[in-house]
Amino acid sequence: MSAPETQQAISEKFSDVNVPHATSKDAQVLEVLNADFALALSTCPQLSPYSWRSLQLFAILLVSFMGSLSNGFDGSVMSAVNGMEQYLNYFGISGLDAGGGIGTKTAIIFGIYSIGSIVGVLIAGPVADRFGRRGGMALGSLIVIVGAIVVTVAKNTDYLLGGRFVLGFGVAITTTAAPAYVVEMSPPQWRGRLTGLYNTFYYSGSILCTGITIATGRRDGTISFRAPLAIQIAPAGILLIFAFLLPESPRWLISVGRNDEARRILAKYHGDGDEDAPLVQLEWKEFEEAIKLDASDKRWWDYSELFNSSNARYRTFMMLLMGFFGNAGVNSQDRRLVLNFANTLISAGGALIGTSLTDKVGRRTMWFWGTLACSAMLAIVTGCTAKFGRTDANITGANTAIAFICEFFL
């Protein structure tokens, strides 16, 4: 079916649909897009998750998931290593009696990672728009590898600080390009679950990290903390090696005028090989209109799209809120490491549950009730730690606080 015939079929079908009268321009656009999408899904070739093309797509996305896995590993490794006596003794960090590194030196080692991420965010978007999603993933991974090498061979805290800054800088670029790639490569009907799986791989990295530190923490010498620091290289290395073997994002290809390549990719993975499939035509039209409307892919310095309409300001505010809110009983190193590992398993379970419900319950509903549940868990943890947080306090009360901390991460 040709593009004009597809549009005619959509128009004829849509004319029979009883759509409530919208009271604003934004509401009208939303209604039409939803109706068009439902019609396109019902008339286009049905994608099977077990077909060769779908399995190939899943393998492609699995490579991009390494960006999230690398982020999970990087974000958890210092928390695990900071509880090791070998690490604290080698770098002369206080905290052996407190169950882990404390003080100004530890705060700076942890905080410099976030500073690197903040600086990286300033160029992460322009890099992904200028060099493509694959280019952003490759560059970010290369920087992560450099940072991981520096912290692995660190002889003093100066090396640690420099390496941690570089790690945060690289992760910011990778975690900007990789999720954009996943969203733009995923068929709309599977997008929620595939994007949820990308986020779940953060906990895969955390589980890998905390599991490794249980084993290495029982060894003497610097290998106990250098081994997990070095393994940070693995997921970033996989992403760097395979990034340019992946097909590029069709949206980015359209934004730079490579329309034929974009149409072939959309047809192959979203239309079962049919370039005239209604879903392919609809996505093509939406990509073109979005790029013409804001042209943000052409102006690297322009962030006005985040604030140029009431809907854009609302979405930006929601993202800021999620970023803001995202942000006892244990006396032995081995138990601290085991509990850290158990916590990542529980968190991964919660992420998998959320992924499975994303397309059924809805994003806003899950966010609301999830935030409410987290608030309740934190309130209980606050009460328990206030009453049972002392060294000589009731061990049962302290363990209750630990249990609800795990519930919070679930």
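Before any of the text, the structure's been laid out above.
In what follows, the accompanying structure is described.

Analysis parameters
- Residues numbered from 1 in each chain as written.
- Predicted model: local features only at pLDDT ≥ 70, side-chain atom pairs only at ≥ 80, totals over all residues.
- Heavy atoms only, no water.
- Axes fitted to C-alpha atoms, helices over the stretch in contact; angles between N-to-C directions.
- Helix = DSSP H or I, 4+ residues; strand = E, 2+ residues; numbered from the N terminus.
- Parallel < 35°, antiparallel > 145°, perpendicular 65-115°, else oblique.
- Left-handed = near helix turned anticlockwise from the far one by under 90°.
- Contact = heavy atoms within 4.5 Å.
- Nonpolar A, V, L, I, M, F, W, Y, C, P; charged D, E, K, R; others polar.
- Buried < 20%, exposed > 50% of the residue type's maximum accessible area, 1.4 Å probe, protein only.
- Expected span 1.5 Å × (residues − 1).
- Bend = angle between axes of the 7 residues up to and from the residue.
- Patch = residues over 30% accessible without salt bridge, like charges linked within 9 Å, V, L, I, M, F, W, Y side chains within 5 Å.
- Areas by Shrake-Rupley, 256 points an atom, 1.4 Å probe, with all protein chains shown as cover.
- Salt bridge = Lys/Arg side-chain N within 4 Å of Asp/Glu carboxyl O.
- Phe/Tyr/Trp six-rings, centres within 6.5 Å; stacked < 30°, edge-to-face > 60°.
- Lys NZ or Arg CZ within 6 Å of the ring centre and 35° of its normal.

Our next topic: the packing of helix H3 (residues 52-81) against helix H9 (residues 233-242). As a packed pair, H3 and H9 sit with axes 8 Å apart at the nearest point and diverge in direction by 150°. The orientation of H3 with respect to H9, classified from their angle, is roughly antiparallel. Taken as a pair, H3 and H9 cross one another with a handedness that is left-handed. Every residue of H9 that contacts H3 at Val 63, Ser 64, Met 66, Gly 67, Leu 69 and Ser 70 is listed here: Pro 235, Ala 236, Ile 238, Leu 239 and Phe 242. The class makeup of the residues in the contact of H3 with H9 is eight nonpolar, three polar and no charged.

Another point: unusual backbone geometry. Phi is positive for Asp 272, close to 55°, though the residue is something other than glycine. Along the chain, Asp 272 turns up in the loop between helix H11 (259-270) and helix H12 (278-294). In this structure Asp 272 comes out as partly exposed when scored by relative accessible area, which is 40%.

This next bit is on H11. Helix length check: H11, at 12 residues, gives a terminal C-alpha distance of 16 Å against a target of 16 Å (1.5 Å per residue), a fit within 8%. Regarding H11, the residues found buried are Ala 262, Ile 265, Leu 266, Ala 267, Tyr 269 and His 270.

With 50 residues, helix H5 (residues 103-152) should cover 74 Å at 1.5 Å per step; its first-to-last C-alpha distance of 22 Å lies more than 12% under that length. When the local axis directions of H5 are compared, the greatest deviation, roughly 125°, occurs at Gly 132.

This next bit is on a nonpolar patch on the surface. Where nonpolar side chains cluster on the molecular surface, the patch consists of Ile 238, Ile 241, Phe 242 and Leu 245 and spans about 410 Å² of accessible area. Along the chain, Leu 245 turns up in the loop between H9 and helix H10 (250-255). A residue is classified by how much of its surface remains accessible, and Leu 245, at 65% relative accessible area, is exposed.

Let us look at the pattern of salt bridges. Tallied over the entire structure, the rule returns six salt bridges. A salt bridge links Glu 248 to Arg 134, with the nearest nitrogen and oxygen atoms 3.5 Å apart. Here Glu 248 is found in the loop between H9 and H10, whereas its partner Arg 134 is found in helix H5, with 114 residues between them in sequence. By relative accessible area, which is 5% here, Glu 248 ends up buried. Exposure remark for Arg 134: the relative accessible area of 18% places this residue in the buried category. Salt-bridge contacts for Glu 283 lead to Arg 191; the nearest nitrogen and oxygen are separated by 3.4 Å. One end of the pair, Glu 283, is in helix H12; the other, Arg 191, is in helix H7 (residues 191-216), with 92 residues separating them in the sequence. Look at Arg 191 and you get partly exposed, because its relative accessible area is 24%. A single network of salt bridges, built from pairs that share partners, joins Asp 129, Arg 133 and Glu 184.

Between two aromatic rings, the relevant description is the distance of the centres plus the angle of the planes. Within this structure, the stated rule accounts for nine aromatic pairs. Taking 5.8 Å as the distance between ring centres and 50° as the angle between the ring planes, the aromatic pair formed by Tyr 90 and Phe 225 counts as tilted. Here Tyr 90, found in helix H4 (residues 85-91), pairs with Phe 225, found in helix H8 (residues 223-231); they are 135 residues apart in sequence, far enough to count as distant. The buried category is assigned to Phe 225, whose relative accessible area is 0%. Seen from their ring centres, Phe 91 and Phe 225 are 5.7 Å apart, and the 55° between their planes marks the pair as tilted. Taken together, the positions of Phe 91 in helix H4 and Phe 225 in helix H8 put the pair 134 residues apart, joining distant regions of the chain. Three or more aromatic residues link up through ring pairs in this structure, and these residues are Tyr 87, Tyr 90, Phe 91 and Phe 225. A cation sits over an aromatic face here: Arg 263 above Trp 284, 4.0 Å from the ring centre.

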